[in-house]
Amino acid sequence: MPVFHERLWPAAWVYAVGFLMVPAVILVFTPINVWIGAAIAVTLYAAFLTLILAYSPIIEVTATQVRVAGAHVPLSFTGQCIPHTTREKARLAAGPELDLRAWLCIRGWIPTSLTIEITDEADPVPYWLVSTRRPSELVSAITEARAGARRQAG
C-alpha cells in the first residue's frame, strides 16, 4: 500500500502545443484530400496523447521503498531530502548545481522538484532529482515511511 502516490501528468499547455499538429497536418494534406488530412491529423494527435499519458512517470513511496518511473531504492538507502519549492530553486537544482552523476526524472512542465540523497556506498549515484508538484508532502512521506521501517526493524 503506497504512503504517497503522484502521477506526473502533463500540463495543459502540453496538450495545446501538441494540438498544433492538427492544423499543420491538415494544411499539408489539403492539396491531396482535406478529409484524409483530417483523419491523419486526428490519428496523430490521438497517438501523441496516448504516448504522453502512457509515459507520465509515477512517484510512489511504500513502507519499504521509493519508486520513481522505473527506478526504485530501498528506504534504508535514502538520506536527506531537499524540496525545491519554487521554480527558481528547482531550476538551480537541475542546472548550475546539478551533479552529473545524479539520476533525473525531470518534467519541464512541473515547476518544483525534490532531491533525494542516496546513501548506498556501492551506488555511484549521489542523489535523485525528481520533479514533483508536491515536494513537501513527498519529503514527509519518505520521512514517515523511513521512521516506520526503523520501528518495525528495531
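Everything numeric in this text was worked out from a predicted model, so none of it was measured.

So, on to the packing of aromatic side chains. Geometry of an aromatic ring pair is reported as the spacing of the ring centres plus the angle between the planes. Here the structure, examined in full by the defined rule, presents three aromatic pairs. Taking the centre distance of 6.0 Å and the plane angle of 25° together, the rings of Tyr45 and Phe48 count as stacked. Separated by three residues within a single helix, Tyr45 and Phe48 lie in helix H3 (residues 34-54), roughly one turn from each other. Here Tyr45 falls in the buried class, since its relative accessible area comes to 15%. Both rings, one in Trp103 and one in Trp128, keep their centres 4.8 Å apart while their planes meet at 45°; by these two values the pair is tilted. Here the residue Trp103 occupies a position in strand E6 (residues 103-105), and Trp128 occupies one in strand E8 (residues 127-131), the gap between them amounting to 25 residues. Here the aromatic cluster, defined as three or more aromatic residues joined through ring pairs, consists of Phe19, Tyr45 and Phe48. The aromatic ring of Trp9 is capped on one face by Arg7, whose charged end is 4.9 Å from the ring centroid.

Among the structural elements, Val28 can be located in helix H2 (residues 21-29). Placed 52 residues apart in sequence, Val28 and Gln80 show a C-alpha to C-alpha distance of 53 Å.

Sheet architecture is open: four strands sit in the order E5-E7-E8-E6, paired in mixed fashion. A single partner strand is all that each edge strand has here, and the edge strands are strand E5 (78-84) and E6. Averaged over neighbouring strand pairs, the angle between their axes works out to 15° when direction is ignored. With five bridges connecting them, strand E7 (residues 113-118) and E8 associate as antiparallel partners. Note that in E8 the partner of Ser113 across the bridge is Ser131. Together, E5, E7 and E8 form the strand contacts of helix H4 (residues 87-94), whose direction differs from that of E5 by roughly 130°. On the sheet, helix H5 (residues 135-153) packs against E5 and E7 and is oriented at approximately 165° with respect to E5.

Turning next to the sheet that holds strand E4 (residues 71-74). Two orientations exist for strands paired in a sheet by backbone hydrogen bonds: parallel and antiparallel. What the four strands build is an open sheet, ordered E1-E2-E3-E4; its pairing is antiparallel. Strands at the two margins of the open sheet, each flanked by one partner only, are strand E1 (4-7) and E4. Across the sheet, the axes of successive neighbouring strands diverge by a mean angle of 5°, strand direction being ignored. Judged from the four bridges that link them, E1 and strand E2 (residues 58-61) form a sheet pairing that is antiparallel. Residue Phe4 lies in a different strand from E2, and its bridge partner there is Val61. In the packing of H5 onto the sheet, contacts are made with E1, E2 and strand E3 (65-68), and the angle to E2 comes to roughly 35°.

Conventions and cut-offs
- Residues numbered from 1 in each chain as written.
- Predicted model: local features only at pLDDT ≥ 70, side-chain atom pairs only at ≥ 80, totals over all residues.
- Heavy atoms only, no water.
- Phe/Tyr/Trp six-rings, centres within 6.5 Å; stacked < 30°, edge-to-face > 60°.
- Helix = DSSP H or I, 4+ residues; strand = E, 2+ residues; numbered from the N terminus.
- Buried < 20%, exposed > 50% of the residue type's maximum accessible area, 1.4 Å probe, protein only.
- Lys NZ or Arg CZ within 6 Å of the ring centre and 35° of its normal.
- Pairing = 2+ DSSP bridges.
- Axes fitted to C-alpha atoms, helices over the stretch in contact; angles between N-to-C directions.
- Contact = heavy atoms within 4.5 Å.

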